[in-house]
Amino acid sequence: MRIHRPVVGYALDEPGTFLGSGFFVAPNWVLTCAHVACGGEGGKVAVVYETAPGRGASSAPGRVVATLPERAERGASAGNWPAPDLALVQLTEPVDDHECVYVSERPAAYYGEGRVLYAGWTENEGRLQVLDGTLTVQGTIGGWSSDVQMRLGDNDLPYGVSGGPVIDPVRGEVIGVLKARSDHRPGGTSTGIEQLRTLRVPAEAVPAEHSDLYQAVFHAHDRYHRDRQRHPASRRQTWTDVQGRLGARPGRTLSPDERIQLLGRLAELPPPESTRGLLDILDSLPDLQGPVPLPAPRGWRDGLGALYESASDDGALELVLDYAMRAMSAPRPFVVPSTPDAEKALWVWVWQAAQRLSVRYRSGLAEQRIARLRRRDGAERDAPDTVSAGGHASDGPGGRGRDRRRGRAARARARDRAPGSVARPSVLLELVRRGWEPDRCDWSVCVTVPGGEAVRLREAERTPLAELPGRLAGPLAEAFRHCDEPGRPALLQVALPQALLGLEVDAWQLPPDEVPLGALRPVVVRCADRDRLSDEESGAHDAADGDAGGHWRAPQAPEGPEGPGDAGENDVHGENDGHGDDGYGDDEYGDEDVDAERRARWRWLHAHRARAEVLDCDEGLRKPVPTVEQLRALSHGTVPVLCRYGDLRYEDDAEALARIVLGGYGVALWRRRRGRSDAVCGEFHRGTIDEIAEPPTAQHLPEAVHDLRVRLREGRTESFWADGVALLYDDPHQPLPGTGDLLEAP
């Protein structure tokens, strides 16, 4: 089919209104290029299609619902339109006489060689005509990254074919969308269908399928092909029929008919709760091999596609069935009255497919089904009801809508009770400043999972500091999809060299007109070069104990039975208030064991309430930050606070933060004054003391600071004192990737 401008009074085959090509990806949904769809006016287009060859053209009005990227400069040419250059168009009037293509659940990045088919429309001698042919796959642009494009050659791609489908002739499925033609050689580029996974994810739990555009489109796609295949009165050939004649074996174990029946049943279920939940299901499969492809799988069909490259021939069917069993019993973001029937239908498919396997395996499946459903429903029934309206209860397995919401709340509370910063998956952004190019840095984006290693998703070198927000928008968005859960955005840890700890990552807007990052999710900083800091960088030995000249003297902890800062044995279980004795005295950890002392401070703060200590300001008067030795003498319940970061004082900002880091502190807070040297700071002092002391432990400080930034964004005057705050939250029990590695000369 093709896309036109919605101009009244023109014939359907008028070349003057022609914008480009497209195809129906689901009933009443068209996929095309963003530069094609945005050529209309006000997001409106006319979709011209044929129900069958030779039956004549029909037209239906449509509107652009989503584009990738979401925002791009108007007037960009096809070749310059930023990747992935995709658009979804929804028909605004119902149409039931069009065919839908079959879209692969397997990422196009796996298709590295061979030939592909393409189709589209173009203008030839003043007439619009269909054009199709073959192209040679000549590699990819972007490698194995999440925004990969396929390079195609050995054929001319005239104007108008952009937005048309790219088809795998071996498997009989659409794997991409023609994006652009080359100006210097035959061929062009195409974008993989899997890039639609990067569509915006709803921030809160979805109450219905249509609340998540990606799930709505692909569930409709899979149900369409399942229903089309089993339609008793149709004599037309289906995509599944063609795939069967080609001999395609999805995942090396399923026939095309088995696959479409499985996908259709999965599409009857509510979608996964989150990408993180789906990744956890894939991680739990014992025979899954290799990394999960990028972009991260988002729907049930994506998870199935991720299995295709991982299963060995003799275990492929068992892997698919194990995955289907987990999907059948997974937690639900919502439940509708048909959900129990959908779970039962999926079980029927699993049981029929398992007849090829051993009696022992089939017996285990039946027991597994009972145990999984009982465990899920029991946990949700026992969870206290903390979530209000939305949805209706229904009877049968998995049918208690209210219990579903109870279960999500219970799991969230269980994660909150886990100690420290390791309770949930988080995103780690690490910046390394190039010493010989101080205005540039190398960076990497990782996903950290509790109890596992950091998984690096993307890295780059020599990025100008000023360009970091734009370069990192895509990689960070992909990482957030790996970790976010509905209503619970993941923590972003930013590991910075000590000299860059003041970088305002929480103020980044990705993209430029978006809400600042710190108002969207908790953002904390970590010191990436703690082990390489020297005493000279911190002024560690300046004014060791203070003097009569007005320099600051550190408050001394009251002496316990064992000496300064040492608690008696009756004080190690929490009776202490954190203002002096804390059970981790200098007798146990000497000056030579700073790491042990740092871990002790961290443990204390995550078992007791913290106490803010403003280090550089006394009722509006500047004072120098204590030396490293003085800072180490403070109680373990102390959270250092800098009021005058960015102001003129005895030492520069980097030196003040270096002292805090070398003093063994993993939690600290400061605000960036941005030149306001004479600003009144009493509200900041009171606010930090109250906010830091309010949570039961320091574990909740990242969320507390995030809440402050949200209220600040909303214009709540009582939170204005927090403008520019930053939180150091550096868990010594979670070392950064590469910590402790030996360095080699280049």
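Keep in mind the model is a prediction, meaning the values are calculated, not measured. (Residues numbered from 1 in each chain as written. Predicted model: local features only at pLDDT ≥ 70, side-chain atom pairs only at ≥ 80, totals over all residues. Heavy atoms only, no water.)

**A word on the environment of R115**
The condition that has to hold: Helix numbering and strand numbering both begin at the N terminus, where a helix is a DSSP run of H or I of at least 4 residues and a strand a DSSP run of E of at least 2. Burial classes follow relative accessibility: with a 1.4 Å probe on protein chains only, a residue under 20% of its type's maximum area counts as buried, one over 50% as exposed, and anything between as partly exposed. By definition in these notes, contact holds between two residues if any of their heavy atoms fall within 4.5 Å. Distance and chemistry together define a polar contact, namely a pair of N or O atoms within 3.5 Å, with one atom able to donate a hydrogen and the other to accept it when in protein, and with adjacent residues in sequence counting only for side-chain atoms on both sides.
For R115, the position within the fold is in strand 8 (residues 115–124). Residue R115 is classed as partly exposed on the basis of its relative accessible area of 41%. For R115 and V170, which are 55 residues apart along the polypeptide, the C-alpha to C-alpha distance reads 9.2 Å. Among residues more than four places away in sequence, those in contact with R115 are T134, L135, T136, D154 and P169. A distance of 2.9 Å separates the side chain of R115 from the side chain of T134, its partner in a polar contact. At a separation of 2.8 Å, a polar atom in the side chain of R115 contacts the side chain of T136.

**A word on the nonpolar core**
This is how the line gets drawn: To form a nonpolar core, buried Ala, Val, Leu, Ile, Met, Phe, Trp, Tyr and Cys residues must be joined to one another through side-chain atoms within 4.5 Å.
Residues L429, L492, L642 and W670 are the most contacted members of the largest nonpolar core, which totals 47 residues. Not counting chain neighbours up to four residues away, the residues in contact with L492 comprise V427, L429, L476, F480, V505, L517, R521, P522, V523 and V524. Counting 43 residues, the second-largest nonpolar core is a separate cluster that includes A26, Y49, V217 and Y224.

**Focus: the pairing of strand 8**
As a reminder of what qualifies: At least two DSSP bridges between two strands are required for those strands to pair.
Here ten bridges tie strand 8 to strand 9 (residues 127–141), and the two strands are oriented antiparallel to one another. Bridging from a neighbouring strand, G120 pairs with L131 of strand 9. Remark: two residues form the turn of the hairpin made by strand 8 and strand 9, two consecutive strands paired antiparallel; E125 in that turn has positive phi of roughly 55°.

**A word on the sheet that holds strand 6 (residues 57–68)**
Across a sheet, paired strands are connected by hydrogen bonds in the backbone, their directions being either parallel or antiparallel. The criterion, for reference: Working convention: axes come from line fits to C-alpha atoms, limited for helices to the stretch in contact. Angles between N-to-C directions cover 0 to 180 degrees.
Strand order in this open sheet of seven strands is 2-1-5-6-7-4-3, and the pairing throughout is antiparallel. Both outer strands of the open sheet, strand 2 (18–21) and strand 3 (23–26), are each paired with one neighbouring strand and no more. Here the average twist between neighbouring strands, direction ignored, is 40°. Here three bridges tie strand 1 (residues 2–4) to strand 5 (residues 44–50), and the two strands are oriented antiparallel to one another. The residue bridging H4 from the neighbouring strand is A46, located in strand 5.

**Notes on empty space enclosed by the protein**
For clarity, the threshold we go by: Any residue with an atom within 4 Å of a point lines the site, the site being either a cavity, points on a 1 Å grid over the protein atoms alone where a 1.4 Å probe fits but cannot get out, or a pocket, an open set with protein on both sides within 12 Å along at least 5 of 7 lines. Grid points are joined across faces, edges and corners, and a volume is the space filled by probe spheres set on the points.
In total, this model carries seven cavities of 30 Å³ or more according to the counting rule given. Taken together, S104, E105, R106, P107, I193, E194, L196, R197, Y214, F218, R301 and D302 form the lining of the largest cavity. Broken down by secondary-structure element, the contributors of at least two residues to the lining of the largest cavity are helix 2 (213–229) and helix 6 (300–307).

**Some remarks on the packing of helix 6 against helix 7 (residues 316–328)**
Relative orientation and spacing of two packed helices are given, respectively, by the angle between their axes and the distance between those axes. Applicable threshold: In this scheme, roughly parallel covers angles under 35 degrees and roughly antiparallel covers those over 145, while 65 to 115 is roughly perpendicular and the rest are oblique. The hand of a helix crossing depends on one turn: near helix anticlockwise from the far one by less than a right angle means left-handed, and clockwise means right-handed.
Where helix 6 contacts helix 7, the two axes come as close as 10 Å, and the packing angle between them is 160°. Our classification of the angle between helix 6 and helix 7 gives roughly antiparallel. The interaxial crossing formed by helix 6 with helix 7 has right-handed handedness. Only L319, V320, Y323 and A327 of helix 7 make contact with helix 6, whose side of the interface consists of W300, G303, L304 and L307.

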